[in-house]
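Structure assessment
Chain by chain, the residues run as shown.
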Amino acid sequence: MFVAPALAAGTQSSFLTAQELEWIDSHRDQIRIAPEENYPPFSFLESQAWHGISADMLALLQKRLGTRFQILPAQNLQTILAGVQQGQSDVVTSLKATPERAQYLNFTQPYLSVPTAIIVKAGFPQGEWPASFVNKRVAVGKGYGVQKYLESKFPTIQLTLVPDDLDGMRKLSFGEVDAVIMDVASASFFIEREKIANLRLFAAFDFTYELSFGVRKDLPVLRDILSKALASIPDQERQAVLDQWISIRPEPLAVIQAWMRRWLWVVIAVLAALVVIGVIAWRAQRQRRLIEQQVSRYSRSLLEASLDPLVTISAEGKITDVNTATERVTGLARAELVGSDFADYFTDPVHAREGYQQVFAKGFVTDYPLVVRHISGKRTDVLYNASLYRDEQGKVLGVFAAARDVTEQKKAESAMQAASVFTYAREGIMITKADGTILNVNGAFTRITGYERDEVLGKNPSLLSSKRQNKAFYVAMWKDLRSKGHWYGELWNRRKSGQLYLEALTVTAVLGTDGCIEHYVALFTDVTAIREHQSQLEHMAHFDALTNLPNRLLLSDRLNQGLAQTERRGKMMAIGYLDLDGFKTINDQYGHEAGDQLLIQVADRMKQVLREEDTLARLGGDEFVAVMADLTHGEASLPMLRRLLDAASQTLVVAGQKLQVSASIGVTFYPQAQPIDADQLLRQADQAMYQAKLAGKNRIHVFDAVLDNGIRLRNESLERISAALNDREFVLYYQPKVNMRTGTVVGVEALIRWQHPERGLLAPAEFLPLVDDHPLSIDLGEWVINTALTQIDAWRALGLDMAVSVNIGACQLQRPDFVMRLRDILAHHPLVNPSHLELEILETSALADIKQISDLIEACAQFKVGFALDDFGTGYSSLTYLRRLPVKMIKIDQSFVRNMLEDPEDLPILQSVISLASAFKREVIAEGVETVGQGSMLMMLGCDLAQGYGIARPMPASDLPTWVRSWKPDPAWYSASGQHPARDSVRLVHPAV
C-alpha cells in the first residue's frame, strides 16, 4: 500500500497568515491549474472530465482553503511546461522536481512518493538488472524523469521511448518491447483497467517519483499557501484518496487463474452430467450405443489425422466430435465443443444453419463459405465441405464436415485488389501505424501534397498541418476515430511549397485479429477549387452582382436571425426601406451604365455610414433595405437613417457628369404589440417609404399602425368602388372654363363625384387615390369618357355646343391599346364631334415615357382629339418636353395662382409659364382662379383663359345650360381688357383645336 508523506495538520486559521488569507481571497477563481490529459492514475481525462489523484488532492486543497481554482483544459506535459513559461498557467499538478524545471517553477513539498518497477511478460526468464536486459528493448515514457535517470546511469540499455506508460504496457503485451519501466501506481491502474493478464513484475527499480505541485516562479506566496494547505490535510483523508486509485496485486495472472479454477468445476460438472446421460442412454439403447461407438472410433481416427478443422455433427445439430485443428481455430477444448450447437462458433449462425440444411436436402455441400470466430475475437475464413454419414441400416446419424482455411488466400486477394486501388486511385492515400507514423503513401499523395514518398515515410502527418484547425477540432476527430472507427470531414493542410489547400478526408481505423487498432488508412481529395467555386456560387446566390450587397435571399435570412436575436436580448430592431428619388430620370438621360455606376457609389456610401453589425441589402432597381439591430429604443435608429439620407443625396461624378439623387425611407420596428414576421415587416417599411414619397421625397417616414389599418382596408374599398361603378353611383360634375377678356365660355372640365348611398356626395379625393395604379382606374376612366360623350350629345340636342375636357390617369394612358380603345368609344357616339373631347394629362405622367406619349397624342390627333398638359409647373417643366409634346393647351397649376398676389416668387413663375406657352404656340389656361384680382393680374400677364371657384364651382350637367346663359364676367375684367363684350358673347365660342 502507498503511504503519503507525513505532514503536520492544522486548521485554516492557523496555517495561513493574514496576508496569505487576503491574497487567496483576492485571487478566487483566478488561479489557473494545468492538468495533464493522459497520466493515469495521477491525472487523466475520461468522459470529458478530469480524474485522478491530482484532481482529488486539488479538491481537498480547495476545501481547506475555502476557494475555487480555474481548471484549464487538459494537455500533454510538454505543452503544459511550455505554457507555464509563457505565463499561460499558474500551477502544474503531479510533477517531479528537476533542476531544469526549478528554473521557472517553485515546488511544494511532495504529497506522494511512488516507486518504479521493471515489468516483463509472463514468460520472461528470471535474472537480474541490468544483466538480463542487455540487447533488450526497454520502454520508458518520453520526457519522464526515469528516462533521464536511465540515460545517465545505464547508457548501454536500449531505450524505446513511448508517448505514455499505457502505450509501453501495450507494446510489451504485444511483444514489441521486452520490458517497460514505470511507476507501480500506473502499472497497477493499467493492469486493472485494461485487464492485462500476461505481464509480471520482474523487480523493483531504484528510482522514486516524488510528486509535488509546481508553481510559477513569480508566485512564491501561492507556493507557500499550497504547501501549508497540503500539510493541513488530515492523514486519513489523504490516504483515502491514494487507496481509491492505487491497489497493487502480487500477480496479475491471479485473475486468469481464478477464472480457470471457477470454470474447471463447470467443465467437470458438465462432463459428469454427460457421463450420467451416457449411462442412461447406454442402458436404454445398448445396441445403438455400440454402433455409435464404432462410428465414433472410426471418425476419431479420421479427425486426428487431418490438419484441417474436422467435426461430426448430430442430426439435431449438436457437435459429437472434433479434432485438434478445430480446437485451435475456436480456442476451445474438445470437451467444451462436444454437445454444443455447431452454429454458435460462426460469425453468421443463420448462414451456417442454412448450409447444414442444404446437406440434408442434397446430401452434401461443397466450398460453403463461413467465418469461424475464435474466443479471442480472431476470425478465420473457411470453405466447408460436408456430407451425411449413416449407420449400417442407412439411417442418417449426422453430418461430417471438413473446413479448409482460406484466410491467407483472401488476404492475398484483398491485397491484390488493394494494391491496384492504391496505385491507380485518384485520391491521395496514406497508411499509418496506430501511433500515426506514416507507413506508405501513393502517387496521388505526392501529386496533391508535393512530398515524395521517401520524404514522409516514418514521419507524422502533422508535417502537413496548416495550423488553421484548433486543438478542439483534432480532439473531436480522434474521439470519433476511437469510438466509431472512422472519421470524415474537411480540413486545411499545407503543401510542401507552403501553399494551403482544402482536402476532403476520410480516416478509417483498421483492426487486427486481436480487435486492437493496427493502423489507419486515410483517403483524401483536394477540393480547394470545388469549394472556391461553391463559394462563388453561394456568393452569387446571396449577394447582388452590381453592388455586392446582400440580396433579397440573404436579407430574408438575416432578418429572421435578427428577429430571434432581438427576442433573446430584449432589444429593438429597425427595418428601413429606401428608394432613390429621381433615379429613373438619370437612367433615361444618361443611360443604364451611368445608372449602374451611380448605384454602386450610392450603395458604397450608404454602407459606410452604418455600423458593422447592420445589414444593407439591395432588393433590385433602386430599392434598398437597412436592418439595424441591438437598439435600446426605436429613436436610436433615426441618426443612422438620416446619415443614409445624406449619403444618398451627395453629388456624385459619373463619366464626367455631376449627378445627384435623393432617397425616401420608410422605417418600422420590431417587436410590435402583435406577432409579426419578416415579410410583414418589409411590407410595413415599404408602405412607410411610399408615404415618404407622397410627402415630398427625400425624407424619413415612420410606419404608422393606424395608416396600416387604412391600407389593409384598401382592398375592401376597391371592391366597394367596383360595386359602385356597376350600380351607377358615380356622376359627373362640370366646371366651366372661360375667356375672361371676351366673356365667352370655352368649355367645361368633367369632374367625377361619388353619390354614396350612405355618405352622400363624395369628392374625388375620397376615392380616386385608392384606385391609382390599379386596373379599376382604367374602368373608371373609360366610364368618365363614355359619360362625358353622352352628355355632349345631350347638350347638343338642347342647342348647347359644349367641349368637355376629361382627366386621364397614367395607368390608363400607358395602356398599349389606349388609342384603339378611345377610337372604339368614340365609335359608339357617332353624333359627337371628336374635337369636342379634350384629354388632360399630368405633366408627371407625360414624363414617364415622353416618346410614347408624344406618339399617342399624334395618333389621337388623327381623329381630332386634343390634349392638355395639366398641373404644369409642378414637374420638371423642361423646354424639351414642351417642344416634344404636341399638346394644344397648357394648364397652370392652381398652386401658383392661389398666392400670386401675395407671394412675389409665384408671379415670375406665372410670367415664365405664359411666355413659354406663347413661344411654343400653346394656349394657356389658369386653374384655381378664386378672386377678381387674380383674374385681372392673369389678364395683364397675357393669360385670358381661366377656371376656378371665382368663376363657377363644379355643377351637375343639368345646371350648366342655365349658368351659361346667365354668366357675365366681372366688370373689373372689362376694364382690364379695355373692351366690353356684346350681349350675345355669353353663348359658347368653341376654341379651335
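Rules used throughout
In this convention, every chain numbers its residues from 1, walking through the sequence in written order. Given that the model is predicted, a residue must reach a pLDDT of at least 70 before its local features are reported, and side-chain atom pairs must reach 80 or more before they are shown or counted; all residues, however, enter totals for whole chains, interfaces and linings. Calculated side-chain values reflect all of the structure's heavy atoms, with hydrogen atoms and water omitted. In this description, a nonpolar core means a group of buried Ala, Val, Leu, Ile, Met, Phe, Trp, Tyr and Cys residues linked to one another through side-chain atoms lying within 4.5 Å. In this scheme, a residue with accessible area under 20% of its type's maximum is buried, one over 50% is exposed, and one in between is partly exposed, where area comes from a 1.4 Å probe on protein chains only. For the purposes of this entry, the term helix denotes a DSSP run of H or I that reaches at least four residues, the term strand denotes a run of E that reaches at least two, and both are numbered from the N terminus. Whether two residues are in contact is decided by their heavy atoms: any pair within 4.5 Å suffices. Any two strands with at least two DSSP bridges between them are considered paired. Take a side-chain nitrogen of Lys or Arg and a carboxyl oxygen of Asp or Glu: if they are within 4 Å of each other, that pair is a salt bridge. As a per-residue quantity, pLDDT reports the predictor's confidence and falls between 0 and 100. Expected span of a helix: the number of residues minus one, times 1.5 Å. Lines fitted to the C-alpha atoms define the axes, with helices restricted to the stretch that makes contact. Angles between their N-to-C directions range from 0 to 180 degrees. When an angle is under 35 degrees it counts as roughly parallel; over 145 it counts as roughly antiparallel; between 65 and 115 it counts as roughly perpendicular; any other value is oblique. Residues are grouped as follows: Ala, Val, Leu, Ile, Met, Phe, Trp, Tyr, Cys and Pro are nonpolar; Asp, Glu, Lys and Arg are charged; every other residue, Gly included, is polar. Regarding the arc, it is the one traced by the directions from the helix axis to the C-beta atoms. Two N or O atoms form a polar contact when they lie within 3.5 Å of each other; inside protein one atom must be a possible hydrogen donor and the other a possible acceptor, and for residues adjacent in sequence the pair counts only when both atoms belong to side chains. Within 6.5 Å between ring centres, the rings of Phe, Tyr and Trp (the latter by its six-membered ring) count as paired, and their orientation is classed by plane angle as stacked under 30 degrees, edge-to-face over 60, tilted in between. With the far helix as reference, a near helix turned anticlockwise by less than a right angle produces a left-handed crossing, and one turned clockwise produces a right-handed crossing.

- The chain is annotated in an unreviewed UniProt entry as Diguanylate cyclase of Rhodoferax fermentans.

1. As for the nonpolar core
- If you look at the biggest cluster of nonpolar residues, it comprises 80 residues, and the most contacted ones within it are Phe730, Val806, Phe818, Leu822 and Phe867.
- In terms of residues, this core owes the most to one element, helix α28 (residues 775-797), which gives nine residues.
- Each residue touching valine 806, except ones within four places of it in the same chain, is listed here: Ala750, Val784, Ile785, Ala788, Leu837, Glu838, Leu839 and Glu840.
- Counting residues in hydrophobic clusters, the runner-up holds 69 residues, among them Ile33, Ala55, Ile157 and Leu166.

2. Structural notes on the pairing of strand β25 (residues 623-631)
- Counted residue by residue, β25 has seven buried out of nine residues, so it is predominantly covered.
- Sheet topology places strand β23 (residues 572-581) next to β25; seven bridges connect them, and they run antiparallel. Across the sheet, residue isoleucine 575 finds its bridge partner in β25, namely valine 627.
- In this structure, the hairpin formed by strand β24 (residues 615-620) and β25 is closed by a connection of two residues, where glycine 621 is found at a positive phi of approximately 60 degrees.

3. Quick look at the pattern of salt bridges
- This model, assessed by the stated rule, comprises 36 salt bridges.
- Put simply, aspartate 29 and arginine 68 hold a salt bridge, and the shortest N to O gap is 2.8 Å. Here aspartate 29, found in the loop between α2 (18-26) and β1 (32-34), pairs with arginine 68, found in the loop between α3 (53-65) and β5 (70-71); they are 39 residues apart in sequence, far enough to count as distant.
- Among the ionic pairs, glutamate 729 bridges to arginine 720, the shortest N-O distance being 3.1 Å.
- Exposure remark for glutamate 729: the relative accessible area of 12% places this residue in the buried category.
- Within the structure, one salt-bridge network assembled from shared partners comprises Arg32, Asp90, Arg216 and Asp218.

4. Overview of the sheet that holds strand β2 (residues 38-39)
- Taken in spatial order, the three strands of this open sheet run β2-β3-β4, and their pairing is antiparallel. The open sheet has two edge strands with one neighbour each: β2 and β4 (49-51).
- Pairing geometry for strand β3 (residues 43-46) and β4, over three bridges, is antiparallel. Along β4, the bridge assignment pairs leucine 45 with tryptophan 50.

5. As for the environment of phenylalanine 767
- Locating phenylalanine 767 in the fold gives a position in the loop between β32 (760-762) and α27 (768-771).
- Spatially, the C-alpha atoms of phenylalanine 767 and serine 717 are 8.3 Å apart, while their sequence positions differ by 50 residues.
- Those residues in contact with phenylalanine 767 that lie beyond four places of it in its chain are Ile721, Phe730, Ile752, Arg753, Trp754, Leu762 and Leu780.

6. A word on the confidence of the model for the chain
- Residues at a pLDDT of 70 or more form 86% of the chain, whose mean pLDDT is 84.
- In this model residues 248-274 is a low-confidence stretch, pLDDT under 50, and it forms 14 contacts with partners more than four residues away in sequence or in other chains.
- Note that pLDDT drops below 50 for residues 979-993; the model gives that stretch 31 contacts with residues more than four away or on any other chain.

7. Focus: α28
- With 23 residues, α28 extends 34 Å between its outermost C-alpha atoms, agreeing within 8% with the 33 Å of an ideal straight helix rising 1.5 Å per residue.
- Once α28 ends, the next one or two residues include glycine 799, with phi positive near 90 degrees.

8. Notes on the packing of α2 against helix α8 (residues 220-232)
- With their axes 11 Å apart at the nearest point, α2 and α8 run at an angle of 100 degrees to one another. When the axes of α2 and α8 are compared, the pair comes out roughly perpendicular. Contact with α2, carried on its side by Glu20, Trp23 and Ile24, involves Val221, Leu222, Asp224, Ile225 and Lys228 of α8 and no other residues of that element.
- Grouping the amino acids of the contact of α2 with α8 by side-chain chemistry returns five nonpolar, no polar and three charged.

9. So, helix α4 (residues 77-85)
- Every buried residue of α4 is listed here: Leu77, Ile80, Leu81, Gly83 and Val84. End-on view of α4: buried residues confined to an arc of 160 degrees, all on one side of the axis.
- Each element contacted by the buried residues of α4 is listed here: β1, β6 (91-96), β7 (105-107) and β12 (199-216).
- Where α4 begins, the side chain of asparagine 76 points an oxygen toward the backbone nitrogen of glutamine 78, at a separation of 3.3 Å.
- Immediately downstream of α4, the backbone of glycine 87 shows phi near 80 degrees, a positive value.

10. Description of the packing of aromatic side chains
- Enumeration over the complete set of coordinates arrives at 26 aromatic pairs.
- On the basis of an interplanar angle of 85 degrees and a centroid distance of 5.8 Å, the ring pair of phenylalanine 445 and phenylalanine 524 is categorised as edge-to-face. Of this pair, phenylalanine 445 sits in helix α16 (residues 443-449) while phenylalanine 524 sits in strand β22 (residues 517-526); the two residues are 79 residues apart in sequence, bridging distant segments of the chain.
- Ring centres of phenylalanine 730 and tryptophan 754 lie 5.4 Å apart, and the angle between their planes is 35 degrees; on these two criteria the pair is classed as tilted.

11. Quick look at the packing of α3 against helix α9 (residues 235-245)
- Where α3 contacts α9, the axes come no closer than 10 Å and their chain directions differ by 160 degrees. The angle between α3 and α9 falls in the class roughly antiparallel. Between α3 and α9 the crossing geometry is right-handed. Contacts from Ile53, Asp56, Met57 and Leu60 in α3 reach Glu237, Arg238, Val241, Leu242, Gln244 and Trp245 in α9.
- Partitioning the contact of α3 with α9 into residue classes produces six nonpolar, one polar and three charged.

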